[in-house]
Amino acid sequence: MSLWEKNVRKVIPYTPGEQPDRSDIIKLNTNENPYPPAPGAARILRDMDAEALRKYPDPTAGALVTALSEYYHLPVEQIFVGVGSDDVLAMSFLTFFNGEKPILFPDITYSFYDVWAELYRIPYECQPLDDAFEIHTEDYLKPCGGIVIPNPNAPTGAEKELSELERIIAANPDVIVIIDEAYIDFGGESALSLIPKYDNLLVVQTFSKSRSLAGMRIGYAFGSEKLIKYLNDAKYSFNSYTMNTVTIAMGVEAVKDDVYFQETIQKVVATREWTKKELRRLGFVFQDSKSNFIFASHPVCPAKNLFEALKEHGIYVRYFAKPRIDNYLRISIGTDGEMKALIAFLEKYIGENYG
Ligand code: PMP
């Protein structure tokens, strides 16, 4: 090892899902929305004059913050925006988790949390889910440096009751509690309603799933004015222009079109419920997902075999070769046609090989 290497900030990076450069596959591996973004957002992309890009973007992303403020009925001072919720979460870890006690998050959860903790040298302690993959409130009622809980959880898709989350927030007034609501629009109850009550609560959401804009990278957070100010101070000490001009304009259009937003969500939810019924018929077991994916296991057919067979057949789902979850597949909800093709393949494959 070269001597300079001992000063390198070493980290094992997060592994994102595969993004194959092919259009002939059914892609159910990264929880993207199968429907296009709102027509108004697409129009921005088509009509934007390149001349507008000569200038720096608005560092406050004011138009987008205002659109979110109007939609969610919260003052602009209580809204933070970033380049996807990954950026918002990374900035939040940096800003709020600066104590000596470990921060707490579930052991089976979004696998970026421990990466940020390692990157920033934040001590952390994973709280094990039980065998039914439930998060236990009691695990979060102890002295700690902060808390992160995704609701619904990923990759399980299960929702934790808001009243239970409130117990956790109320019991931890001396640290910041982050509720990561990347999938909340697909049927969960948001902790946004608790913002006026708790100045230590940060609720993080994204345009990547319910608003079909994963490729544009837009995330945002709600919190008390003080909390958002601290977050912005850290952001402006890092990079003033995180959001580009095109993204800001497209984000505004996506927020404005509530009819399209609701319609898209309803379609995804209806397809999810149909898929649950079909998977159950084939013997799969899973928690009741409130997200745009289902985390399923089959009693006789190993998940790894299924994952490989599906891939060979051009259907990509997500498989995690990790303890406790290595017999599960995370299946994103696609269009009706895509899910029908998935079920037809599973039925045939399981029948032929494990029937
Ligand atoms: N939180 C959770 C729980 C997620 O699954 C994801 C998606 N990978 C994110 C945050 C980040 O999403 P994005 O950066 O696209 O907003």
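Structure shown above.
Residues numbered from 1 in each chain as written. Predicted model: local features only at pLDDT ≥ 70, side-chain atom pairs only at ≥ 80, totals over all residues. Heavy atoms only, no water.

A.B. asks: Lay out the site of the ligand with the relevant residues and their values.
C.D. replies: Around the ligand, the structure places 13 residues, and the nearest of them are Ser85, Asp180, Tyr183, Thr206 and Ser208. In the environment of the ligand, an oxygen atom lies 3.0 Å from a nitrogen or oxygen atom belonging to the backbone of Asp86. Asp180 is positioned with one of its side-chain polar atoms (N or O) 2.7 Å from a nitrogen atom of the ligand. Within the complex, the protein chains bury 91% of what would otherwise be the 400 Å² of accessible surface of the ligand. In terms of residue count, the dominant contributor to the shell around the ligand is helix 3 (residues 84-96) (four residues). (Near = heavy atom within 4 Å. Polar contact = N/O pair within 3.5 Å; in protein donor to acceptor, adjacent residues only side chain to side chain. Areas by Shrake-Rupley, 256 points an atom, 1.4 Å probe, with all protein chains shown as cover. Helix = DSSP H or I, 4+ residues; strand = E, 2+ residues; numbered from the N terminus.)

A.B. asks: Can you lay out the packing of helix 8 (residues 258-281) against helix 10 (residues 336-354) for me, pointing to particular residues and giving the numbers?
C.D. replies: Their axes nearest at 10 Å, the elements helix 8 and helix 10 cross at an angle of 5°. Relative to helix 10, the element helix 8 is oriented roughly parallel. Mapping the contact onto sequence places Thr271, Trp274, Thr275, Glu278, Leu279 and Arg281 in helix 8 and Asp336, Met339, Lys340, Ile343, Leu346 and Glu347 in helix 10. Here the contact of helix 8 with helix 10 is composed, by residue class, of five nonpolar, two polar and five charged. (Axes fitted to C-alpha atoms, helices over the stretch in contact; angles between N-to-C directions. Parallel < 35°, antiparallel > 145°, perpendicular 65-115°, else oblique. Contact = heavy atoms within 4.5 Å. Nonpolar A, V, L, I, M, F, W, Y, C, P; charged D, E, K, R; others polar.)

A.B. asks: Hey, could you go over the environment of Leu329 for me, with residue numbers and the actual values?
C.D. replies: Inspection of the secondary structure assignment puts Leu329 in strand 13 (residues 329-332). The spatial distance from the C-alpha of Leu329 to the C-alpha of Phe295 is 5.6 Å, given a sequence separation of 34 residues.

A.B. asks: Describe the sheet that holds strand 9 (residues 285-286), with residues and values.
C.D. replies: In space, the four strands of this open sheet follow the order 9-10-13-12, with antiparallel pairing throughout. Taken across any chain shown, the strands that pair with only one partner, and hence form the sheet edges, are strand 9 and strand 12 (318-319). Taken together, the four bridges between strand 10 (residues 293-297) and strand 13 define a ladder with antiparallel strand orientation. Bridge assignment links Phe295 to a residue of strand 13, and that residue is Arg330. (Pairing = 2+ DSSP bridges.)

A.B. asks: How would you explain the pattern of salt bridges if you had to name every residue and give the values?
C.D. replies: Applying the stated criterion to the full structure yields 22 salt bridges. Across the salt bridge formed by Glu51 and Arg54, the nearest N and O atoms sit 3.1 Å from each other. Among the residues examined, Glu51 registers a relative accessible area of 45% and is labelled partly exposed. Where Glu125 meets Lys142, a salt bridge forms, and the shortest distance between an N and an O atom there is 3.4 Å. Residue Glu125 is found in strand 4 (residues 124-127), and its partner Lys142 is found in the loop between strand 4 and strand 5 (146-150); the two are separated by 17 residues along the sequence. Owing to a relative accessible area of 31%, Lys142 belongs among the partly exposed residues under this scheme. Salt bridges sharing common partners tie together Arg272, Glu273, Lys276 and Asp288. (Salt bridge = Lys/Arg side-chain N within 4 Å of Asp/Glu carboxyl O. Buried < 20%, exposed > 50% of the residue type's maximum accessible area, 1.4 Å probe, protein only.)

A.B. asks: Tell me about the pairing of strand 6 (residues 177-180), residues and numbers included.
C.D. replies: In strand 6, alternate side chains face the same way, and those of Val177 and Ile179 on one face and Ile178 and Asp180 on the other are all buried. Bridge analysis of strand 5 against strand 6 gives four bridges, and the strand direction is parallel. By the bridge assignment for strand 6, Ile147 is matched with Val177. Direction of pairing for strand 6 relative to strand 7 (residues 201-206): parallel, over a ladder of four bridges. Across the sheet, residue Ile179 finds its bridge partner in strand 7, namely Val203.

A.B. asks: Mind laying out unusual backbone geometry, listing which residues take part and the relevant values?
C.D. replies: Across residues other than glycine, the phi torsion is negative in most instances, and most of the peptide bonds are trans. With an omega dihedral of -5°, the bond running from Asn151 to Pro152 counts as a cis peptide bond. With respect to the helices and strands, the residue Pro152 is situated in the loop between strand 5 and helix 5 (162-171). The residue after Ala154, namely Pro155, is reached through a cis peptide bond having omega 5°. In this structure, Pro155 sits in the loop between strand 5 and helix 5. Phi at Asn31 is positive, roughly 55°, even though this residue is not glycine. You can see Asn31 is positioned in the loop between strand 1 (26-27) and helix 1 (39-47). Of note in the backbone geometry, Phe133 takes a positive phi value of approximately 65° without being a glycine. With respect to the helices and strands, Phe133 occurs in the loop between strand 4 and strand 5. A residue is classified by how much of its surface remains accessible, and Phe133, at 8% relative accessible area, is buried.

A.B. asks: An account of the packing of helix 3 against helix 4 (residues 113-120) is requested, with residue identities and associated values reported.
C.D. replies: Packing of helix 3 against helix 4 leaves a shortest axis separation of 10 Å and a crossing angle of 45°. With respect to helix 4, the element helix 3 is oriented oblique. Handedness of the crossing formed by helix 3 with helix 4: right-handed. Contacts between helix 3 and helix 4 involve Asp86, Leu89, Ala90, Phe93 and Leu94 on the former and, on the latter, Tyr113, Trp116, Ala117 and Tyr120. Per-class residue counts for the contact of helix 3 with helix 4 are eight nonpolar, no polar and one charged. (Left-handed = near helix turned anticlockwise from the far one by under 90°.)

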